[in-house]
Each structure stands twice: as C-alpha cells, then as structure tokens.
Amino acid sequence: MRIDMGRTKDASTALTLDQQVDGLRTMLEIRGFEDECHRLFAAGLVRGSTHLGQGQEAVSVGTALALRDGDTMTCTYRGHAATLAMGAPLDRSFGEILGKAEGLCGGKGGSMHLTHVESGAMGSFAIVGGHLPIACGFAFASRFRGTGEVSVCFFGDGATNIGAFHESMNLASVWKLPVVFICENNLYGEYSPLRSTTPLDHLVERASSYAMPGVQVDGNDLMKMHAAASEAVSCARSGEGPTFIEALTYRHKGHSRSDPAKYRPEGELEVWLEKDPIEQCVQTLLEAGVKSERIEQVRADAATSVAGALERAMNWPEPLPASRLEHVYA
Ligand SMILES: Cc1ncc(C[n+]2csc(CCOP(=O)(O)OP(=O)(O)O)c2C)c(N)n1
Ligand SMILES: [Mg+2]
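Keep in mind that what you see is a predicted model, and the values were worked out from it rather than measured.

Chemist: Could you clarify how one ought to interpret the packing of aromatic side chains in this entry?
Modeler: Tallied over the entire structure, the rule returns 10 aromatic pairs. Measuring from ring centre to ring centre gives 5.6 Å for F140 and W175, while their planes differ by 45°; the resulting arrangement is tilted. Residue F140 is located in helix α5 (residues 132–145), and its partner W175 is located in the loop between α6 (163–174) and β5 (179–185); the two are separated by 35 residues in the primary sequence. On the accessibility criterion, F140 (36% relative accessible area) is partly exposed. With centroids separated by 5.7 Å and ring planes inclined at 65°, the aromatic side chains of F155 and F165 adopt a geometry described as edge-to-face. Taken together, the positions of F155 in strand β4 (residues 151–156) and F165 in helix α6 put the pair 10 residues apart, joining distant regions of the chain. In this structure, K275 is placed above the aromatic ring of W272, and the distance from its NZ or CZ to the ring centre is 3.9 Å.

Chemist: Just to check I follow, could you spell out the coordination of the magnesium ion (ligand 2) for this structure?
Modeler: Around a metal, the ideal angle is 109.5 degrees if four donors adopt a tetrahedral arrangement and 90 or 180 degrees if six donors adopt an octahedral arrangement. Coordination of the magnesium ion (ligand 2) by the protein involves D157 (OD), N186 (OD1) and Y188 (O), with metal-donor separations of 2.1 to 2.2 Å. On the primary sequence, the residues serving as donors to the magnesium ion (ligand 2) are separated as D-x28-N-x1-Y. Residue D157 is found in the loop between β4 and α6, and its partner N186 is found in the loop between β5 and β6 (188–189); the two are separated by 29 residues along the sequence.

Chemist: Even after reading the chapter, I still don't get the site of ligand 1, so can you show me in this structure?
Modeler: Close contacts around ligand 1 come from 14 residues, with Y77, R78, G158, N186 and Y188 the closest. The contact in question runs from an oxygen atom of ligand 1 to an N or O atom on the backbone of A159, over 3.1 Å. Contact with the protein chains hides 72% of the accessible area of ligand 1, taken as 590 Å² for the molecule alone. Class assignment for the residues of the shell around ligand 1 results in 6 nonpolar, 5 polar and 3 charged.

Chemist: Would you explain the sheet that holds strand β8 (residues 214–218) in this entry?
Modeler: Sheets are built from strands that pair by backbone hydrogen bonding, the pairs being arranged parallel or antiparallel. Taken together, 7 strands build an open sheet; the order of strands is β1-β8-β9-β5-β4-β2-β3 and the sheet is mixed. Sheet topology places β1 (2–3) and β3 (121–125) at the edges, where each strand pairs with a single neighbour. This element, α5, spans β2 (72–76), β3, β4 and β5 of the sheet and lies at about 170° to β4.

Chemist: Which parts of the structure should I look at to understand empty space enclosed by the protein?
Modeler: With a probe scaled to a water molecule rolled over the atoms, the places where space remains empty come into view. In this structure the tally under the stated criterion is 1 cavity of 30 Å³ or more. Roughly 50 Å³ of internal volume is contained in the largest cavity. Residue lining of the largest cavity: G53, Q56, S60, R78, H80, A81, A82 and E184, and that is the complete set. A class-by-class count of the residues in the lining of the largest cavity yields 2 nonpolar, 4 polar and 2 charged.

Chemist: I would appreciate a short explanation of unusual backbone geometry in the present structure.
Modeler: Leave glycine aside and you will find that most residues have negative phi; peptide bonds, for their part, are mostly trans. Even without being glycine, E190 reaches a positive phi, approximately 50°. Here E190 shows up in the loop between β6 and β7 (192–193). Of note, the phi angle at H327 is positive, near 60°, even though the residue is not glycine. Assignment of secondary structure puts H327 in the segment after α11 (292–315).

Chemist: Looking at this structure, how should I read the side chain of K100?
Modeler: Note on placement: K100 falls in the loop between α4 (90–97) and β3. Comment: no salt bridge for buried K100; closest opposite-charge side chain is E318, at 4.1 Å. A distance of 3.2 Å separates a polar atom in the side chain of K100 from the backbone oxygen of A313. What K100 contacts, discounting residues up to four positions off in sequence, is G95, G106, G107, A313, M314, N315, W316, P317, E318 and P319.

Chemist: What am I meant to see in the state of the cysteines here?
Modeler: Such a bond, covalent and formed between the sulfur atoms of two cysteines, is termed a disulfide. Summed over all chains, the structure comprises 0 disulfides. Residue C105 stays outside any disulfide, its sulfur separated by 11 Å from that of C75, the closest cysteine. Overall, C105 belongs to the partly exposed group, its relative accessible area being 26%. Not engaged in a disulfide, the cysteine C235 finds its nearest cysteine sulfur in C136; these two sulfurs lie 17 Å apart. Classification of C235 by relative accessible area gives buried; the value is 0%.

Basis of the calculations
Residues numbered from 1 in each chain as written. Chains lettered and ligands numbered in written order. Predicted model: local features only at pLDDT ≥ 70, side-chain atom pairs only at ≥ 80, totals over all residues. Heavy atoms only, no water. Phe/Tyr/Trp six-rings, centres within 6.5 Å; stacked < 30°, edge-to-face > 60°. Helix = DSSP H or I, 4+ residues; strand = E, 2+ residues; numbered from the N terminus. Buried < 20%, exposed > 50% of the residue type's maximum accessible area, 1.4 Å probe, protein only. Lys NZ or Arg CZ within 6 Å of the ring centre and 35° of its normal. Donors = N, O, S within 2.8 Å, 3.2 Å for Na, K, Ca; no water. Near = heavy atom within 4 Å. Polar contact = N/O pair within 3.5 Å; in protein donor to acceptor, adjacent residues only side chain to side chain. Areas by Shrake-Rupley, 256 points an atom, 1.4 Å probe, with all protein chains shown as cover. Nonpolar A, V, L, I, M, F, W, Y, C, P; charged D, E, K, R; others polar. Pairing = 2+ DSSP bridges. Contact = heavy atoms within 4.5 Å. Axes fitted to C-alpha atoms, helices over the stretch in contact; angles between N-to-C directions. 1 Å grid on protein atoms, 1.4 Å probe; cavity = no way out; pocket = protein on both sides within 12 Å on 5 of 7 lines; lining within 4 Å. Points joined across faces, edges and corners; volume = space filled by probe spheres on them. Lys, Arg positive; Asp, Glu negative; His and termini not counted. Salt bridge = Lys/Arg side-chain N within 4 Å of Asp/Glu carboxyl O. Disulfide = S-S within 2.5 Å.

Pasting the structure below:
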C-alpha cells in the first residue's frame, strides 16, 4: 500500500551484491549480540530490563545502508539493532549492557539507552513516542544549517497512538523537514495486539492525515526495506520533506525479558520464523549467485566478532565509585 501525495519519482537506489552481503553480516552480528544479551540477562549478569528485537533486524540494517555520514538516527528502548546498524561498536554496546565504564554511555544507560553519537545514533528513548519531536529537531537543525543531513526515526506501532507522534507528523509535514518516520509494526504494543488499541489495519493510512507520502513495506526483506528507505532519504535530502514508512515485521521474543509472550495465537511465531529476515536474505543471495561457502564464511566471521566483543567487554573493569555522579543531572 502506498500514499503518494503528489510524489511520483522513484529515487531509490539498489544495493550491490557486496553491500547485500555486508548487510547480511550486520544482521548476523545484531542477532548474535541479542542472543547473547538474552543469555546474559537470564544468567543474572545484567541489571534492569531488556527489549530484544530478534526478527526485526532488516528494518534497521536496510535503512542504515541508505544513510551517509552525518545523518542522524533516533530509536526506542528496542534499539540494539538500530544502534548497531548505524555503526556503534559491538564491544562497547555489550559493555553498556553489562554496566561497564567502557560502555557506550559509561554503563549508566543500559539496554534501553544505547547511544553512539559518533556514528549518528543519537539516542534510544524509553518514553513511547518521546523521541519523534527530537527527530524533528535534528531535521530542523540540518535544514537551518544547510548541511543536507537526514534524520531517521524508528518507533513501534503502539507509538502511533501517542500525541507526540501526531504533533511530529504534522509539524514535519508543514515545515517539510528532512525526516523519515519508520514505524516497525510488529503487531503488538507490550501484550496488546495492534487491533485492540488501534482502529486501523494499515498504519500507513495515518500518513494521509498529514499530507505525507507513506509506504508499507515488508520489513523482513533487507532489499525492499533498503529501497523504501533510500527513496525516502533521497526525497528528504532533496528538500521534498518527510515520508512515513510502515515496516511490517515481528519480534520473535516477548515484549521484554520477563514476557513469555503467551498471548500470541498458536502458530503465529512459526509463520514469522519462516519469514526470518536473515534466512530470507541468505536465500536471495544464493539465488543471485553468491556461493554458499561465502555465506558460511560470513556467518563464521559474525559469530567470531560477537564472541570477541563479548569477551573484551566481560574483562573490562567495573566503573570507579567516584564516577557515579559524573554525567548526571542533580
Ligand atoms: C509514554 C509511555 N507510555 C507507556 C509506556 C509503557 N510502554 C513501554 S513499551 C510499550 C509498548 C510500545 O509498543 P510499540 O510502540 O508497538 O513498540 P514495541 O515495543 O512493539 O517495539 C508501552 C506501552 C511508556 N514507556 N511510555
Ligand atoms: Mg509494537
């Protein structure tokens, strides 16, 4: 489903095979990172909570492949994939989750607040919808400075019922801000199915209220996700204003660490496991002529880099007690 609002040009660019293989490697590293997070939490090595997004990796990775240096990204507490896809280092991300001083935020933010400004990952936000106005702010700053940077904002289906979502969509459209709103529709907000909280089957329809182009895309397909994001990013960069992307996807695990996801109908998870973005990408690459040995090497490389990063992070020292009042507001 598409809402064009007068936009007719297809400004998307296709990924080369090498870029697709790189995308696969990043998705594998993110999956490995999150599987390890699950294990670390279960082992009691981490304080706080965590919101895993196994199954949603192609949304972040496909989008990040459409960005360039200087572009900014804001995301939610389910933000490991988005932050790593932008280029945050694996070891310092593990360090953050483990509360180490070398962590991305000095170990003070934890799983819900991964931030790596150097790669444009401007923050993970735990208040649902709270970062959409901030994404508009980054877009406004880019336009004001004339630097051509694009602001990309990831949020969930549940966030589209929050006031800040509507205010941000409205303002971005009126001011034609260079922002791309990417809704990761994983069918649930916490334990509630989408239709029990939202009167729409297709969230992309929300775009039309704000005279904004919108597109619904298979968020489990790396190449389709990249095509949708690259078109939206290119339009934003050339002054055509914002786009709303509804990426259809699914989280394999429950809402957070403590949720066994018993509310899901029987068989639903299995249907989505068949549409796993990683295995779908592998299949596409094999059909495009990439040798299976190369794929196996990428899998092995990703596993090695995740294991190495975790080992380094585990060996880092705990923060010094004196650092507890640094970087906090009194
Ligand atoms: C303003 C606000 N209200 C309620 C919550 C509690 N809460 C945390 S996650 C969540 C569900 C959000 O669902 P969705 O936007 O679909 O994102 P998902 O968790 O599926 O990625 C809620 C209601 C919150 N963090 N912030
Ligand atoms: Mg959701």
